[in-house]
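A look at the structure
Each chain is listed here by its residues.
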Amino acid sequence: MTSRPQRHPLAFWFVTARPWEALVTPKEGVVGIKRRVLMPNPRLLLSRVGFFSNPGLLPWYTAKPPDFSQSFLGRAHEGNFTGVIVKKHPRQQKYQKKQRHFRSLHDSWQERLADVVTPLWRLSYEEQLKVKFEAQKKILRRLESYLQVLHGVRGTVAAPHSEGLHCHLHPIIPSPVVNGYRNKSTFSVNQGPDGNPKTVGYYLGTWRGGHWRELTVRTNSQGHTMAIITFHPQGLSQEELCAQKVTLKDFFTQGPGAVCELTSLYFQESTMTRCSHQQSPYQLLFGEPHIFEDLLGLKIRISPDAFFQINTAGAELLYQTIGELSGVNSNTILLDICCGTGVIGLSLAQRASQVLGIELVEQAVDDARWTAAFNGVTNCEFHAGRAEKILPQLLKAQKDEKLTVAVVNPARAGLHRQVVQAIRNCKAIHTLVFVSCKPHGESMRNFIELCCPPNSAKKLLGEPFVLRQAVPVDLFPHTPHCELVLLFTR
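Conventions we followed
Residues numbered from 1 in each chain as written. Predicted model: local features only at pLDDT ≥ 70, side-chain atom pairs only at ≥ 80, totals over all residues. Heavy atoms only, no water. UniProt positions renumbered as here; feature names shortened; annotations may be inferred. Helix = DSSP H or I, 4+ residues; strand = E, 2+ residues; numbered from the N terminus. Contact = heavy atoms within 4.5 Å. Polar contact = N/O pair within 3.5 Å; in protein donor to acceptor, adjacent residues only side chain to side chain. Pairing = 2+ DSSP bridges. Axes fitted to C-alpha atoms, helices over the stretch in contact; angles between N-to-C directions. Salt bridge = Lys/Arg side-chain N within 4 Å of Asp/Glu carboxyl O. Buried < 20%, exposed > 50% of the residue type's maximum accessible area, 1.4 Å probe, protein only. Expected span 1.5 Å × (residues − 1). Phe/Tyr/Trp six-rings, centres within 6.5 Å; stacked < 30°, edge-to-face > 60°. Core = buried A, V, L, I, M, F, W, Y, C linked by side-chain atoms within 4.5 Å. Parallel < 35°, antiparallel > 145°, perpendicular 65-115°, else oblique. Left-handed = near helix turned anticlockwise from the far one by under 90°. Nonpolar A, V, L, I, M, F, W, Y, C, P; charged D, E, K, R; others polar.

The next subject is the UniProt feature "binding site: S-adenosyl-L-methionine" (unreviewed entry) in the protein chain. The feature "binding site: S-adenosyl-L-methionine" (unreviewed entry), as annotated in UniProt, sits at Gln-309, Glu-359 and Asn-409 in this numbering. Position of Gln-309 relative to the elements: it lies in the loop between strand E11 (298–302) and helix H10 (312–326). With sequence-adjacent residues up to four places away left out, Gln-309 is seen in contact with Asn-183, Ala-315, Leu-318, Tyr-319, Asn-409, Leu-475 and Glu-483. As for its placement among the helices and strands, Glu-359 is situated in strand E13 (residues 354–359). Excluding residues within four positions of it along the chain, Glu-359 makes contact with Cys-338, Cys-339, Gly-340, Ala-364, Val-365, His-383, Ala-384 and Gly-385. Within the structure, Glu-359 has its side chain in polar contact with the backbone nitrogen of Cys-339 (distance 3.4 Å).

Turning our attention to the sheet that holds strand E8 (residues 264–269). The mixed open sheet is built from six strands, whose spatial order is E5-E4-E6-E7-E8-E9. The open sheet is flanked by strand E5 (199–201) and strand E9 (283–287), the only strands paired with a single partner. Put simply, the sheet's adjacent strands are angled 20° from each other on average, direction ignored. By the bridge criterion, six bridges tie strand E7 (residues 225–231) to E8 in an arrangement that is parallel. Each bridged residue has a counterpart across the sheet, and for Met-226 the counterpart in E8 is Ser-264.

This paragraph deals with the sheet that holds strand E15 (residues 404–408). Spatially, the eight strands line up as an open sheet ordered E3-E17-E18-E16-E15-E12-E13-E14, and their pairing is mixed. With one partner strand each, in any of the chains shown, strand E3 (168–169) and strand E14 (380–384) form the two edges of the open sheet. Sheet topology places E3 next to strand E17 (residues 466–473); two bridges connect them, and they run parallel. Note on E17: the bridge partner recorded for His-168 is Gln-469. Packed onto the sheet, helix H13 (residues 387–398) meets strand E12 (333–337), E13, E14 and strand E16 (429–436) and runs at close to 160° relative to E13.

One side chain can pair with another of opposite charge once the charged atoms of both are near each other. Applying the stated criterion to the full structure yields eight salt bridges. Close ionic contact of Asp-367 with Arg-301 constitutes a salt bridge, the shortest N to O distance being 2.8 Å. Placement of the pair is Asp-367 in helix H12 (residues 362–374) and Arg-301 in strand E11, with a sequence separation of 66 residues. Each member of the pair Asp-367 and Arg-301 is classed as buried. The salt bridge involving Glu-442 is made with Arg-445; its shortest N-O contact spans 3.1 Å. Here Glu-442 pairs with Arg-445, and both are found in helix H15 (residues 442–451), just three residues apart, close to one helical turn.

Turning next to H12. Relative to the 18 Å expected for 13 residues at 1.5 Å per residue, H12 spans 18 Å between its end C-alpha atoms, a close match to the ideal helical length. Buried within H12 are the following residues: Gln-363, Ala-364, Val-365, Asp-367, Ala-368, Thr-371 and Ala-372. Considering only its buried residues, H12 is in contact with E11, helix H11 (343–348), E13 and E14. Downstream of H12 by a residue or two, Gly-376 has a phi angle that is positive, lying close to 70°.

It is worth spelling out the packing of aromatic side chains at this point. Across all of its chains, the model carries eight aromatic pairs by this definition. Plain terms: the ring middles of Phe-251 and Phe-252 are 5.0 Å apart, the flat faces sit at 85° to each other, and that makes the pair edge-to-face. Aromatic side chains Phe-292 and Trp-370 sit 5.2 Å apart centroid to centroid with 50° between the ring planes, which places their arrangement in the tilted category. Taken together, the residues span a long stretch of sequence, with Phe-292 in strand E10 (residues 291–295) and Trp-370 in helix H12 at a distance of 78 residues. By relative accessible area, Phe-292 is classed as partly exposed at 25%.

Before going further, it helps to spend a moment on the nonpolar core. Within the largest apolar cluster, 46 residues are counted, with the highest numbers of intra-cluster contacts made by Leu-140, Leu-391, Ile-423, Leu-486 and Phe-488. Among the elements that make up this core, the one with the highest residue count is helix H8 (residues 125–149) (seven residues). Setting aside chain neighbours within four positions, we find Leu-140 in contact with Leu-165, Cys-167, Leu-169, Leu-467, Ala-470, Leu-484 and Leu-486. Counting residues in each nonpolar core, the second largest holds 43 residues, with Tyr-181, Tyr-282, Cys-339 and Ala-368 among its members.

A few words now on the environment of Asp-294. Of note, Asp-294 is situated in strand E10. The sequence separation of Asp-294 and Gln-222 amounts to 72 residues, and the corresponding C-alpha distance is 9.0 Å. Look past the residues within four positions of Asp-294 in its chain and what remains in contact with it is Gln-222, Lys-299 and Glu-316. Among the polar contacts made by the side chain of Asp-294, one reaches the side chain of Gln-222 at a distance of 3.2 Å.

Let us look at the packing of helix H14 (residues 417–425) against H15. With their axes 10 Å apart at the nearest point, H14 and H15 run at an angle of 30° to one another. As the angle between them shows, H14 and H15 are arranged roughly parallel. Where H14 crosses over H15, the two elements pack in a sense that is right-handed. Across the interface between the two elements, Arg-417, Val-420, Ile-423 and Arg-424 from H14 touch Arg-445, Asn-446, Glu-449, Leu-450 and Cys-451 from H15. Classifying every residue of the contact of H14 with H15 by side-chain character gives four nonpolar, one polar and four charged.

Okay, here's the thing in structure tokens:
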């Protein structure tokens, strides 16, 4: 028999976790990591929730660990929650073993939990940057070694430069904001340590139950807040679903949640862990349909489904780096592939003769078009759809007549092979800037196919690219992750 939600499903949330208040104050912001566990600022969460009246209960109030918290703090107990983490995430055990020299047997469960979700928190930020720089250098060495052993690879590796590499590896660019840098966080609605199925927080695992699934919060520098709640309808009728939406809206407009002063509240019915707007539309329960951000002199519109870098201040440095490496000028066309809300192309539009953007998410493309019109940018075109379908058509229309610079910023899965083929086989593309948040993953295959000798079997017929420069940009303090910007030319 399908379980039914209680009459007031959010009341317990507010009593137990009250995450909404923790997420909406612009002065504090949101901080977190990219490993399925995302965090609000702890001072705001715990002081306003009132879990602890004694700040000494939190180790980082005195020891300066990262800006980290979880709604489970008031419910979990020593030894219980940490044990669940290790059990459900065996891949983390290797990393934890490597980090044992940082710990003592007397570490609190909060500290051990922090070791899992923000692995670098015990290091100073300067030390974190050193760790990340060495990791990127190791990735680049592996890439160059692959290219050097490929038959006929001569000419696809630059002359020796520095750091034991043939490409020029620049120093890592630090994040301007170390704590409280996130503008977006996703929270699980799941069974908490006390067994309550409607706990809002950071669930480490894959268990799913009940109707309420996730809460995503987006903020901007002006203090506006968009909340998106994901709900699994299960066996509910349309009448019952409507009742849940009314209850949710009332909670945030007339009830205790009104203190959050949300700019907008969205509701999404989803039977999957991740669901796009096309698969199941975001329903605006109240407020404005978008939030806006100021970036590089542009006013950017952001929809609930659109990609936007989670570290706004760091994103400005990232995009400036891309612009410097690209060498875009009035004689070139800029291809912005996987463009999201179009910020990269729009920020470089004044330098280029034309900008052509491609993005899978239709709402993000609508945002990019709105942003172009609002900011008076007239030489940009944005196309919605799969890059592997659209890019070959755009390149064919150009007829290799004008020099083209391509910028790609794919998700962790990297570029589709047909996109790599299209770039590789287009004679007009002499410069490629590749931005990767996971260069050791599928993107490594992309790098190799861009630089390997011509291969008719793989439809890689064009002249190979040469990796010239690499710039690590840290957008994710306290975690091992950073963006790696690579410049390829031919």
